[in-house]
Amino acid sequence: MRNVLIAIALASTAIGGAAYGQSDAPPSGQMPPPPPQRGGGQGGGMMAADANHDGIVTREEALAAADRRFDEMDANHDGTITPDEMTAYRDAAMARRGGGATPPPGGPRRGGGRTVTRDEYRARQIERFDRMDTNHDGKIDRTEMANMREMRQGDRREQNSGGTPPPPSGQQ
């Protein structure tokens, strides 16, 4: 009886070891790859600015993408984006993605419900880029994108739980 139990224990250990060897886990000491981007290939958000598709967004690529987006939003090409132009752009983008209904009138608007100039729009995009570029090398890679995504999801969970977020670093 004892030999049978030992044989079963050894067999289960061998099977478990073989199954572990077949897992998708990265080898010990290596970081797992960042989560896949939504929407397939290149991803959305800031990574959509990756013009040369090398997995890294430079400040120049981010500004060029911001300029293209500004030009798309500025329907009458007067150098400013009105709240109505922002809403129309957002609605068209949601329709392209198969999104749901538009928010009710009077809801929050991007730009604070005011007209935004190209310089203001670019400054906002530079601020966003700098916030995402955590190592301050002038580039955003997929790891920095994944870190920012996790931070935003944590902020949303905090808001949804009704708690107050902690103060920024160095402040009490």
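Shown above is the structure to which this text applies.
Residues numbered from 1 in each chain as written. Predicted model: local features only at pLDDT ≥ 70, side-chain atom pairs only at ≥ 80, totals over all residues. Heavy atoms only, no water.

1. Observations regarding the overall build of the protein
Reasoning step 1: Counting secondary structure elements, the protein contains five helices and four strands.
Reasoning step 2: Ordered by position from the N terminus, the helices and strands of the protein form the series α-β-α-β-α-β-α-β-α.
Reasoning step 3: About 12400 Å² of surface is accessible on the protein, with carbon and sulfur atoms providing 55% of the total. (Helix = DSSP H or I, 4+ residues; strand = E, 2+ residues; numbered from the N terminus. Areas by Shrake-Rupley, 256 points an atom, 1.4 Å probe, with all protein chains shown as cover.)

2. Remarks on helix H3 (residues 83-96)
Reasoning step 1: With 14 residues, H3 extends 20 Å from end C-alpha to end C-alpha; this agrees with the ideal 20 Å at 1.5 Å per step.
Reasoning step 2: Those residues of H3 lying buried are Pro83, Glu85, Met86, Thr87, Tyr89, Ala93 and Met94.
Reasoning step 3: Buried residues belonging to H3 abut helix H2 (59-73), strand E2 (80-81) and strand E3 (116-117). (Expected span 1.5 Å × (residues − 1). Buried < 20%, exposed > 50% of the residue type's maximum accessible area, 1.4 Å probe, protein only. Contact = heavy atoms within 4.5 Å.)

3. Concerning unusual backbone geometry
Backbone geometry follows two general trends: most residues other than glycine have a negative phi, and most peptide bonds adopt the trans configuration.
Reasoning step 1: The backbone phi angle of histidine 77 is positive, close to 55°, even though this residue is not glycine.
Reasoning step 2: Its place among the elements puts histidine 77 in the loop between H2 and E2.
Reasoning step 3: Its relative accessible area of 63% is what places histidine 77 among the exposed residues.
Reasoning step 4: The residue histidine 136 is not glycine, and still its phi comes out positive at about 55°.
Reasoning step 5: Positionally, histidine 136 belongs in the loop between helix H4 (118-132) and strand E4 (139-141).
Reasoning step 6: We classify histidine 136 as exposed; its relative accessible area is 64%.

4. So, the nonpolar core
The nonpolar side chains of a soluble globular protein tend to be buried, and buried together.
Reasoning step 1: Ranked by size, the top nonpolar core spans 11 residues in total: Met46, Met47, Ala49, Val57, Ala62, Ala65, Phe129, Met132, Ile140, Met145 and Met148.
Reasoning step 2: Broken down by secondary-structure element, the contributors of at least two residues to this core are H2, H4 and helix H5 (142-161).
Reasoning step 3: Ignoring any residue separated from it by four or fewer positions in sequence, one finds methionine 132 in contact with Met46, Ile140, Glu144, Met145 and Met148. (Core = buried A, V, L, I, M, F, W, Y, C linked by side-chain atoms within 4.5 Å.)

5. Remarks on the side chain of aspartate 74
Reasoning step 1: Looking at the element boundaries, aspartate 74 is found in the loop between H2 and E2.
Reasoning step 2: Buried within the structure, aspartate 74 lacks any salt-bridge partner; arginine 118 is the closest side chain of opposite charge, at an N-O distance of 5.5 Å.
Reasoning step 3: Of the polar contacts made by the side chain of aspartate 74, one reaches the backbone nitrogen of aspartate 78; its length is 3.2 Å.
Reasoning step 4: Setting aside anything within four residues of it in sequence, one finds aspartate 74 in contact with Gly79, Thr80, Ile81 and Glu85. (Lys, Arg positive; Asp, Glu negative; His and termini not counted. Salt bridge = Lys/Arg side-chain N within 4 Å of Asp/Glu carboxyl O. Polar contact = N/O pair within 3.5 Å; in protein donor to acceptor, adjacent residues only side chain to side chain.)

6. Overview of H2
Reasoning step 1: Its 15 residues give H2 an end-to-end C-alpha distance of 21 Å, which sits within 8% of 21 Å, the value for a rise of 1.5 Å per residue.
Reasoning step 2: Buried within H2 we find Glu61, Ala62, Leu63, Ala65, Ala66, Phe70 and Met73.
Reasoning step 3: Considering only its buried residues, H2 is in contact with strand E1 (56-58), E2, H3, E3 and H4.

7. Observations regarding the packing of H2 against H3
Reasoning step 1: Running from N to C, H2 and H3 point in directions that differ by 105°, and their axes come no closer than 9 Å. Relative to H3, the element H2 lies roughly perpendicular. Contact residues: H2 offers Arg69, Glu72 and Met73, while H3 offers Glu85, Met86 and Tyr89.
Reasoning step 2: A per-class count over the contact of H2 with H3 returns three nonpolar, no polar and three charged. (Axes fitted to C-alpha atoms, helices over the stretch in contact; angles between N-to-C directions. Parallel < 35°, antiparallel > 145°, perpendicular 65-115°, else oblique. Nonpolar A, V, L, I, M, F, W, Y, C, P; charged D, E, K, R; others polar.)

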